[in-house]
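# What the coordinates show
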Amino acid sequence: MEIVTFIKELERLKDTTRSAYTKKGRRESVAEHSWRLAMFALALSDDLKGLDMNKVIYMCLVHDLGEAYDGDISATIKVNHDKKIKKEEKSVERLTDPLPSENQAAILALCKEYNKGETDEAKFVKALDKMETIIQHTQGTNPPGFDYKFNLTYGKEFDLDHTLMKKIRKLIDLETKNKINDNTP
């Protein structure tokens with residue numbers, strides 16, 4: 001069955017690591033990040049009325065599928081954004097190729113919607129994606145010289161004008177500042 005082929009191929013994301021580290025000092029996988037992002041959104045679902053939460057959860061789960069073949073690129077590395085997006089969308093097409101065309105099209109449409117960042121759902125997922133990453137940076141056991149200051153500006157362009165989201169961002173920025181102070185010689 002094609003679904004089994006697709007599910008087997010998804011295993012790549014368990015082995016694709018990100019630049020974030022877990023509390024035990026192990027590099028986090030893309031699959032772990034996407035799962036926790038979906039849980040973050042789910043935990044906020046009652047507080048964010050007006051969003052299609054099914055779409056939000058689906059988007060959280062598929063937003064990094066394009067990293068299955070070429071891996072994650074740290075946000076600290078400057079790349080051509082348009083080329084990166086096109087390459088990732090080709091990867092999503094390849095990854096979902098075993099699925100029926102309507103399923104493949106639905107997943108690709110969610111990835112494209114996320115990448116464009118124009119709908120309320122995509123804006124929300126982008127904001128949460130950046131915040132989840134910063135939380136992992138402050139929660140993880142990072143190597144010496146880790147640049148915590150990067151967190152203070154990372155994803156600010158995606159901040160939402162929502163009271164709860166502002167409170168969360170303020171809290172994680174405070175945690176980042178505490179990390180910076182703890183690591184200052």
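Preceding block: the structure.
This one's a predicted model, so the numbers in the text were calculated from it and none came from an experiment.

### Quick word on empty space enclosed by the protein
Within the structure shown, the criterion is met by 1 cavity of 30 Å³ or more. Its boundaries defined by the atoms lining it, the largest cavity holds a volume of some 40 Å³. Along its surface, the largest cavity is lined by Val 62, His 63, Asp 64, Leu 65, Gly 66, Glu 88, Glu 89, Val 92, Cys 111 and Asn 115. If you list the elements that add at least two residues to the lining of the largest cavity, you get α5 (81-96) and α6 (101-116). Of the residues forming the lining of the largest cavity, the biggest block, 3 residues, is contributed by α5. Split into classes, the residues belonging to the lining of the largest cavity amount to 4 nonpolar, 3 polar and 3 charged.

### Looking at the layout of surface pockets
Computed from the structure, the largest pocket encloses a volume of approximately 820 Å³. Forming the walls of the largest pocket are 33 residues, and the residues nearest its centre are Ile 73, Ser 74, Ala 75, Lys 130 and Tyr 154. When contributions to the lining of the largest pocket are tallied by element, the ones reaching two or more residues are β1 (17-21), α5, α6 and α7 (120-139). The dominant element in the lining of the largest pocket, judged by the number of residues it contributes, is α7, at 5 residues. The residue inventory of the lining of the largest pocket, partitioned by class, reads 10 nonpolar, 11 polar and 12 charged. Only α1 (2-10), α3 (30-44), α4 (53-62) and α6 provide two or more residues apiece to the lining of the second largest pocket.

### What about the pattern of salt bridges?
A full pass over the atoms with the stated rule returns 14 salt bridges. For Glu 113, the salt bridge goes to Lys 55, with nearest N and O atoms at 3.2 Å. With Glu 113 in helix α6 and Lys 55 in helix α4, this pair connects stretches of sequence that are 58 residues apart. Note that Glu 88 and Lys 84 form a salt bridge whose closest N and O atoms lie 3.1 Å from each other. Here the residue Glu 88 and the residue Lys 84 both occupy positions in helix α5, the gap between them amounting to 4 residues, near one helical turn. A relative accessible area of 11% means that Glu 88 is categorised as buried. One network of salt bridges, with partners in common, ties together Lys 156, Asp 159, Arg 169 and Asp 173.

### A few points about the packing of α4 against α6
At a closest axis distance of 9 Å, the pairing of α4 and α6 adopts a crossing angle of 90°. Our classification of the angle between α4 and α6 gives roughly perpendicular. Contacts between α4 and α6 involve Lys 55, Tyr 58, Met 59 and Val 62 from the first element and Ile 107, Leu 110, Cys 111, Glu 113 and Tyr 114 from the second. Per-class residue counts for the contact of α4 with α6 are 7 nonpolar, no polar and 2 charged.

### A few points about the nonpolar core
Counting 39 residues, the largest nonpolar core has Phe 124, Leu 128 and Met 165 as the members making the most contacts within it. For this core, the leading source of residues is α7, giving 7 residues. Once you skip the residues sitting within four places of it in the chain, Phe 124 turns out to touch Ala 41, Leu 44, Leu 48, Leu 51, Met 53, Val 56, Leu 160 and Met 165.

### Quick look at a nonpolar patch on the surface
On the surface, a nonpolar cluster with roughly 420 Å² of combined accessible area is contributed by Met 1, Ile 3, Val 4 and Ile 7. Within the secondary structure, Met 1 sits in the segment before α1. Judged by its relative accessible area of 77%, Met 1 is exposed.

Analysis parameters
Residues numbered from 1 in each chain as written. Predicted model: local features only at pLDDT ≥ 70, side-chain atom pairs only at ≥ 80, totals over all residues. Heavy atoms only, no water. 1 Å grid on protein atoms, 1.4 Å probe; cavity = no way out; pocket = protein on both sides within 12 Å on 5 of 7 lines; lining within 4 Å. Points joined across faces, edges and corners; volume = space filled by probe spheres on them. Helix = DSSP H or I, 4+ residues; strand = E, 2+ residues; numbered from the N terminus. Nonpolar A, V, L, I, M, F, W, Y, C, P; charged D, E, K, R; others polar. Salt bridge = Lys/Arg side-chain N within 4 Å of Asp/Glu carboxyl O. Buried < 20%, exposed > 50% of the residue type's maximum accessible area, 1.4 Å probe, protein only. Axes fitted to C-alpha atoms, helices over the stretch in contact; angles between N-to-C directions. Parallel < 35°, antiparallel > 145°, perpendicular 65-115°, else oblique. Contact = heavy atoms within 4.5 Å. Core = buried A, V, L, I, M, F, W, Y, C linked by side-chain atoms within 4.5 Å. Patch = residues over 30% accessible without salt bridge, like charges linked within 9 Å, V, L, I, M, F, W, Y side chains within 5 Å. Areas by Shrake-Rupley, 256 points an atom, 1.4 Å probe, with all protein chains shown as cover.

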